[in-house]
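Structural features, examined
The lines below spell out each chain.
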Amino acid sequence: MPTTDTTTVTVRIPTPLRSATDGQSTVEVDANTVDDALRTLTDRYPDLADNLYNENDDLRQFVNIYVGDEDVRFGDGPETALEPNDEISIVPSIAGGCFHRWRVNA
Amino acid sequence: MNTAVPNASLPSTAGVRSALPNMVDDIGQTPLLRLDRVAADLPETVAVYAKAEHLNPSGSVKDRPARRMIQEGRESGAFRRDQTLIDATSGNTGIAYAMIGAAKGLDVTLALPENASAERKKVLRAYGAELLLTDPMAGTDGAQRRVKEIVEAHPNRYFYPDQYNNDANWRAHYDGTGTEILEQTDGRVSHFVTGLGTTGTFMGVTRRLKEHDPAVQCVGVEPATAMHGLEGLKHMDTALVPGIYDPSVADAHRTYDTETAIDMTRRLAQAEGLLVGPSAGANVAAALDVARSLEAGVVVTILCDTGTRYLSDDFWNDE
């Protein structure tokens, strides 16, 4: 049984953003939703904020967030709930490819 | 029963002199368009023109460097008849290679991130190119690394034009795009504004225009952030910087976020009848900002590619 009410998940950082995460390709965070996880991430690495959020503090349209193989756009968006050991991927946009499904390489 | 056709009535195939042997010969010599409706707030002494590179045969400015890199490879012996052209590209250069390869009977293999759109992959396959799909998390830089590994393992099997480090890329724009801009503006161009990706367009046109008149001001446009949706453009602080890029030739740089570029892309379709891609939107937004800072001037920018390439993107009807 979990002893805390938050979940530890892994966030996969794409190559173009690793200069903002001290070169880390994955970062572990404690969070219950995708939004929690990304806010925790940007608190820890403030240089990521402009890349992920617009001036209204909304997730930018071309930023693609996956939990496992699922694009959160087709689920509950930033409110998507997380399970222990879930893997969140921030995927660089390829124009023409933002809204297509693909499988995350293991 | 077949009836013999008298020779005298056979049509001659020799008389069609105005026909082109194939699409490759129709690359370049694109129209220069004056933008009026999106530039309505400018004084009469300032004009903004756009080079309609989306009207090249495969739909983008990349037809020019792709043709030139293939030509120079052939002439130098670097691209032998038994070799396959290989390069990394998520987009326009790949489509240009694939089109030219089909028209000229060349084998083409392209590495691109797996999350490139289905229609883009279909276009490439329709031209007969072989595709290597790479990890989406590594973006186009990952596709570039994959190609380098393959070429190092099989150096004799492939011709790798490497558009980021091939001087034929910018020379295509020095001889072509830049010279055409001088002709089409009667040498009156005062400002040139375009996005930085491989930087071939920027480097080649800038060198040609400054040779004509060193006072011509040349402005490079970049995405404002490392993560962006501007196909073909690079955020130089975080990307692999192309070997052909020399930042010292730029007079100024401007950065645009994807949202601003997409707003302008929609306006170009609706107010000018120009269905072009987001990088063209960034270029026009930047050209208009430069124009607004002038009392008099002739500002030229580039419409990089056709908007039909982005129809599966969700931005066309948003407000």
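Residues numbered from 1 in each chain as written. Chains lettered and ligands numbered in written order. Predicted model: local features only at pLDDT ≥ 70, side-chain atom pairs only at ≥ 80, totals over all residues. Heavy atoms only, no water.

Attention shifts here to the environment of B:Thr206. Residues and elements named next belong to chain B. Along the chain, threonine 206 falls in helix H6 (residues 200-212). On the accessibility criterion, threonine 206 (1% relative accessible area) is buried. Note: C-alpha distance between threonine 206 and valine 298 (92 residues apart in sequence) is 15 Å. Residue contacts for threonine 206: discarding those within four places in its chain leaves Phe192, Thr201, Cys218 and Val249. Of note is the side chain of threonine 206, whose polar atom sits 2.7 Å from the backbone oxygen of phenylalanine 202. (Helix = DSSP H or I, 4+ residues; strand = E, 2+ residues; numbered from the N terminus. Buried < 20%, exposed > 50% of the residue type's maximum accessible area, 1.4 Å probe, protein only. Contact = heavy atoms within 4.5 Å. Polar contact = N/O pair within 3.5 Å; in protein donor to acceptor, adjacent residues only side chain to side chain.)

Every α-helical turn comprises 3.6 residues, leaving residues that sit three or four positions apart pointing alike. Residue and element names in this part refer to chain B. For helix H4 (residues 139-153), built from 15 residues, the straight-helix expectation of 21 Å at 1.5 Å per residue is met to within 8% by its first-to-last C-alpha distance of 22 Å. Residues Gly139, Asp141, Gly142, Ala143, Gln144, Val147, Ile150 and Val151 constitute the buried set of H4. Those residues of H4 hidden inside the fold are in contact with strand E3 (84-88), strand E4 (108-113), strand E5 (130-134) and strand E6 (158-159). (Expected span 1.5 Å × (residues − 1).)

What follows covers the interface of chain B and chain A. On the chain A side, the residues contacting the 32 residues of chain B number 29 residues. Per-residue buried area on chain B facing chain A is highest for B:Asn115, B:Met137 and B:Met227; these three make up 33% of the total on that side. At the boundary of chain B with chain A, the tally comes to 1 salt bridge. In this structure, A:Arg60 engages B:Glu259 in a salt bridge whose closest nitrogen and oxygen atoms are separated by 2.9 Å. Seen at the junction of chain B and chain A, the total is 4 residue pairs in polar contact (both at pLDDT 80 or more). Taken together, the residues of the side of chain B that touches chain A sort by class into 10 nonpolar, 11 polar and 11 charged. (Buried area = accessible area lost by both parts, 1.4 Å probe. Salt bridge = Lys/Arg side-chain N within 4 Å of Asp/Glu carboxyl O. Nonpolar A, V, L, I, M, F, W, Y, C, P; charged D, E, K, R; others polar.)

Residue and element names in this part refer to chain B. An ideal rise of 1.5 Å per residue puts 18 Å on 13 residues; H6 measures up with 18 Å between its terminal C-alpha atoms. Along H6, the residues classified as buried are Gly200, Thr201, Phe202, Met203, Gly204, Val205, Thr206, Arg208 and Leu209. Buried-residue contacts for H6 involve helix H5 (167-184), strand E7 (191-195), strand E8 (217-223) and strand E10 (297-302).

Now for the sheet that holds strand E2 (residues 26-30) of chain A. Residue and element names in this part refer to chain A. Here we have 5 strands laid out as an open sheet, ordered E2-E1-E5-E3-E4, and mixed in their pairing. In this open sheet, the two edge strands, each paired with only one partner strand, are E2 and strand E4 (70-71). Taken together, the 4 bridges between strand E3 (residues 64-67) and strand E5 (residues 87-91) define a ladder with antiparallel strand orientation. By the bridge assignment for E5, isoleucine 65 is matched with isoleucine 90. Packed on one face of the sheet, helix H1 (residues 34-44) meets strand E1 (8-12), E2, E3 and E5 and runs near 115 degrees to E2. (Pairing = 2+ DSSP bridges. Axes fitted to C-alpha atoms, helices over the stretch in contact; angles between N-to-C directions.)

Turning our attention to the sheet that holds E7(B). Residues and elements named next belong to chain B. Within the open sheet, the 6 strands sit side by side as E1-E2-E10-E7-E8-E9. Their pairing is mixed. With partners counted over all chains shown, the strands left at the sheet margins are strand E1 (32-34) and strand E9 (252-256), one partner each. Neighbour-to-neighbour, the strand axes of the sheet open up by a mean angle of 25 degrees, direction not taken into account. Most of the contacts of H6 go to E7, to which it runs at about 170 degrees, and overall it touches E7, E8 and E10.

So, about the nonpolar core. Inside soluble globular proteins, nonpolar side chains tend to come together where they are buried. If you look at the biggest cluster of nonpolar residues, it comprises 31 residues, and the most contacted ones within it are B:Val38, B:Val48, B:Val193, B:Val284, B:Leu288 and B:Val299. Listing elements by their share of this core, those giving two or more residues are strand E2 (46-51), E8, helix H7 (258-272) and helix H8 (278-292) of chain B. Look past the residues within four positions of B:Val284 in its chain and what remains in contact with it is B:Leu35, B:Val38, B:Met264, B:Leu268, B:Thr301 and B:Leu303. Ranked by size, the runner-up nonpolar core spans 26 residues in total, among them A:Ala20, A:Ala31, A:Phe62 and A:Val72. (Core = buried A, V, L, I, M, F, W, Y, C linked by side-chain atoms within 4.5 Å.)

Okay, the domain arrangement of chain B next. Residue and element names in this part refer to chain B. By the assigned domains, chain B splits into domain 1 (24-57 + 177-310) and domain 2 (63-159). Measuring from the centre of the C-alpha atoms in domain 1 to the corresponding centre in domain 2 gives 25 Å. Contact residues are listed per partner, giving 20 residues for domain 1 and 15 residues for domain 2. Overall, the association of domain 1 and domain 2 removes approximately 1400 Å² of surface from exposure, summing both partners, and the carbon and sulfur fraction of that is 45%. It is Val24, Ile27 and Arg309 that lose the most area in domain 1 upon contact with domain 2, and together they represent 47% of the buried surface on that side. When the shortest N-O distance is used, the salt bridge between arginine 64 and glutamate 53 registers 2.7 Å. Applying the counting criterion to the domain 1 and domain 2 interface returns 8 residue pairs in polar contact (both at pLDDT 80 or more). (Domains from an automatic or database assignment.)

A separate point is the packing of aromatic side chains. Residue and element names in this part refer to chain B. Going through the model one piece at a time under the given rule, you end up with 2 aromatic pairs over all chains. Measuring from ring centre to ring centre gives 4.5 Å for phenylalanine 79 and phenylalanine 159, while their planes differ by 15 degrees; the resulting arrangement is stacked. With phenylalanine 79 in the loop between helix H1 (63-76) and E3 and phenylalanine 159 in strand E6, this residue pair connects regions lying 80 residues apart in the sequence. Phenylalanine 159 shares its class with phenylalanine 79; the two are buried. On the basis of an interplanar angle of 85 degrees and a centroid distance of 6.3 Å, the ring pair of tryptophan 170 and tyrosine 174 is categorised as edge-to-face. One end of the pair, tryptophan 170, and the other, tyrosine 174, are both in helix H5, 4 residues apart, so they sit about a helical turn from each other. Arginine 74 extends its terminal NZ or CZ atom over the ring of phenylalanine 79, reaching a point 4.4 Å from the ring centre. (Phe/Tyr/Trp six-rings, centres within 6.5 Å; stacked < 30°, edge-to-face > 60°. Lys NZ or Arg CZ within 6 Å of the ring centre and 35° of its normal.)

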